[in-house]
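Understanding the architecture of this molecule
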Amino acid sequence: MRIVLYADNTIPVALEPLSNLLTRTCASAEFVVGAETFHLGSAVTCPATHRSLSKKLKAEVAKHDLAILCTAVPYENNFFFEADGHLVIISFAGWHLLTRLPISNGIAYFVASIIADIGGIGSTHDENTGCLNDFFWDKAGIDVAMRAAFVCADCAGRFEGDPDVLESVRRLLDLVSSASRQEKDILSVTARTPEPTRFDVFLCHNSQDKPAVRDINTKLKSSGVRTWLDEEQLPLGTPWQPELENRISDVSAACVFVGASGLGPWQNAEIRGFLSEFMARACPVIPVLLPNAPAVPDLPIFLRQMTWLDLRQEPERGLGRLVEALKHPPLPVPTSTSTKPDEPAHTRSRESSSRLTERGLKKK
Ligand SMILES: [Zn+2]
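Just so it is clear, the structure is predicted and the values come from calculations on it, not from any experiment. (Residues numbered from 1 in each chain as written. Predicted model: local features only at pLDDT ≥ 70, side-chain atom pairs only at ≥ 80, totals over all residues.)

Re the overall build of the chain
Here is the rule: Secondary structure elements are defined from DSSP: runs of H or I of at least 4 residues count as helices, runs of E of at least 2 residues count as strands, and each element is numbered from the N terminus. Burial is judged by counting other C-beta atoms within 10 Å of a residue's own C-beta: 20 or more means buried, 12 or fewer means exposed, and anything between counts as partly exposed, with every C-beta placed from the backbone. Any residue pair is listed as a contact if its two C-beta atoms, each placed from the backbone, are within 7 Å.
Along its length, the chain carries 15 helices and ten strands. For the chain, the proportion of its 364 residues judged to be buried stands at 38%. Of all intrachain contacts in the chain linking residues separated by at least 6 positions in sequence, the fraction that spans at least 24 positions is 70%.

Here we look at the pairing of strand β6 (residues 201-204)
Within a regular strand, the side chains alternate between the two sheet faces. Under the convention used in this document: Note on pairing: DSSP must find at least two bridges between two strands before they are called paired. For the handedness criterion, the strands are oriented away from the viewer, and a crossover whose path from the first strand over the helix to the second runs clockwise is classed as right-handed.
Residues Val201 and Leu203 point to one face of β6 and Phe202 and Cys204 to the other, with burial holding for every one of them. Note that β6 and strand β7 (residues 227-228) share two bridges and pair parallel. Each bridged residue has a counterpart across the sheet, and for Val201 the counterpart in β7 is Thr227. With helix α10 (residues 210-222) bridging β6 and the parallel β7, this β-α-β connection has right-handed handedness. Two elements, β6 and strand β8 (residues 254-258), share three bridges in a ladder whose sense is parallel. Paired with Phe202 across the bridge in β8 is Ala254.

Re the packing of helix α6 (residues 141-148) against helix α8 (residues 163-181)
For clarity, the cut-off: Comment: axis = line fitted to C-alpha atoms, over the contacting stretch for helices; angle = value between 0 and 180 degrees taken between N-to-C directions. For classification purposes, an angle smaller than 35 degrees is called roughly parallel, one larger than 145 roughly antiparallel, one from 65 to 115 roughly perpendicular, and anything else oblique.
Taken N-terminus to C-terminus, the directions of α6 and α8 make an angle of 110°; their axes are 6 Å apart at the nearest point. In terms of orientation, α6 and α8 fall into the roughly perpendicular class. Taking contact as the criterion, the partners of Met146, Arg147 and Ala148 in α6 are, on α8, Val176, Ser177, Ser180 and Arg181.

Brief notes about the environment of Ala254
With respect to the element layout, Ala254 can be found in strand β8. Taking the C-alpha atoms as reference points, Ala254 and Cys204, 50 residues apart in sequence, are found 6.9 Å from one another. Not counting the four nearest positions on each side in its chain, Ala254 is found in contact with Val201, Phe202, Cys204, Phe274, Cys283, Val285 and Ile286.

A closer look at the sheet that holds strand β3 (residues 66-71)
Read across the open sheet, the five strands follow the order β2-β1-β3-β5-β4; overall the sheet is mixed. Across the chains shown, the open sheet's two edge strands, defined by having one partner strand only, are β2 (30-33) and β4 (81-84). Here the strands of the sheet are splayed against their neighbours by 20° on average, with no regard to which way each runs. Note: strand β1 (residues 2-7) against β3, five bridges, orientation parallel. Opposite Leu5, over in β3, you have Ile68 as the bridge partner. In the packing of helix α1 (residues 15-25) onto the sheet, contacts are made with β1 and β2, and the angle to β2 comes to roughly 170°.

Concerning the nonpolar core
What counts here: Buried Ala, Val, Leu, Ile, Met, Phe, Trp, Tyr and Cys residues whose C-beta atoms connect them within 7 Å together make up a nonpolar core.
Ile68, Ile90, Ala108, Val111, Ala112 and Val176 are the most contacted members of the largest nonpolar core, which has 60 residues in total. Secondary structure elements with two or more residues in this core: β1, α1, β3, β5 (87-91), α5 (103-119), α6, α7 (153-158) and α8. In this structure, Val176 is in contact with Asn105, Ala108, Tyr109, Met146, Ala149 and Ile186, ignoring residues within four places of it in sequence. Counting residues in each nonpolar core, the second largest holds 36 residues, with Cys283, Val288, Leu290 and Leu311 among its members.

Some words on the sheet that holds strand β9 (residues 285-289)
If you walk across this open sheet you meet the five strands as β7-β6-β8-β9-β10, and the pairing is parallel. In the strand order of this sheet, the two ends are held by β7 and β10 (309-310), each with one partner.

Section: the confidence of the model for the chain
In plain terms, the rule: pLDDT: the predictor's confidence for each residue, scored from 0 to 100.
Averaged over the chain, the pLDDT score is 82; the fraction of residues at 70 or greater is 86%. Mean pLDDT in the chain bottoms out at helix α12 (residues 240-250), which sits at 71, and peaks at β3, which reaches 97. Long-range and interchain partners of residues 332-364, a stretch whose pLDDT sits below 50, account for 75 contacts in this model, where long-range means more than four residues apart.

Some details on the packing of α5 against α6
The condition is simple: Only Asp, Glu, Lys and Arg are considered charged, only Ala, Val, Leu, Ile, Met, Phe, Trp, Tyr, Cys and Pro nonpolar, and every remaining residue, Gly among them, polar.
Contact geometry for α5 and α6: axes closest at 11 Å, N-to-C directions at 75°. The angle between α5 and α6 places the two elements in the roughly perpendicular class. On the side of α5, the interface is formed by Asn105, Gly106 and Tyr109, while α6 contributes Ile142, Ala145 and Met146. Each residue belonging to the contact of α5 with α6 can be placed in one class, and the counts come to four nonpolar, two polar and no charged.

Description of helix α15 (residues 315-327)
Heads up, the condition is: Expected helix span is computed as 1.5 Å times (number of residues minus one). Directions drawn from the helix axis to the C-beta atoms are what define this arc.
The terminal C-alpha atoms of α15 lie 18 Å apart, and with 13 residues this matches the ideal 18 Å at 1.5 Å per residue to within 8%. The complete set of buried residues in α15 reads Gly318, Leu322, Ala325 and Leu326. For α15, the buried positions fall inside an angular range of 90° around the axis, keeping them on one side. Those residues of α15 that are exposed and aimed more than 90 degrees away from the buried face are Glu316 and Arg317. Looking at the buried positions of α15, the neighbouring elements they touch are β6, β9 and β10.

A short note on the pairing of β9
For β9, the buried fraction is high: five of the five residues fall into the buried class. Burial along β9 is two-sided: the face carrying Val285, Pro287 and Leu289 and the face carrying Ile286 and Val288 are both buried. For β8 and β9, the ladder comprises five bridges, and the chain directions are parallel. Its bridge partner lying in β9, Val258 is registered against Leu289. Note: β9 against β10, two bridges, orientation parallel.

Have a look at this one:
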């Protein structure tokens, strides 16, 4: 998706670095800054204002999948943004009365909201939940929303678009919330510390099982788990062993898939790497029996000590447990090993807390 950004002279925002940051953050979208300018008059109405823009600007907009115009000119109905087709105008009128957070954080938050809408996130929450998909009846809720910045499980489950798009939305929200909680501009935070990609789970598998593992990878990603799968993360044309070793040393957990073909030669080497990591930093290693695994799988002796997950029966339920385990890993307990088979790989160490008990709503 190619997205073109504009801002008029009513708001102070550095669009070029913001556009670069958004492109780096969103795997599924590329952002550019438009060359044309626009003037909106004293108030915005949709679709009249959107359709009154200059032909030159509309011609430039037509070359992109989505255009986002940012302004401090208010909407007549006091909304934050409205869309006419794929042309969206976001109004930051009275922004400093709603929040102390910078407009660039707001742009990134609304971009996440717009991308989620296009992907089909369903109708908005009427009540205040803190989810990206809330409707801000009270616009002051935007301050808490940028600090919380998440997509609830219901909305994520309803999302009809590509899982990579939802992942991009989540990455944008992580960026907004981590900067906003520090009362900082997303541009200043990321300029100093480029965000390294942390993966929740390394998918260790025999290449013979690739189709089944791809299917599981898709389902994990759509549930918000950041997966490392060789064919997606290994850069083409670069030596793959150093990258593999780096991932083994910093991934949060590993799944070792066992199917009809047993363990592959490289899979064994990876497992040995994870085992030493497991001992050193309590990295969970979860053996997963694929639906086609034999009745008596041939697991290496050290893997037999790990709590394993059986997808041979009720695979959907098993995957649900896996998602919970990966998204809510237990606090590290360096010496713990569990030997009881077929129990939840890890119990949740914390419940998803509802962090917003008071909050108005808002948006379109
Ligand atoms: Zn929601």
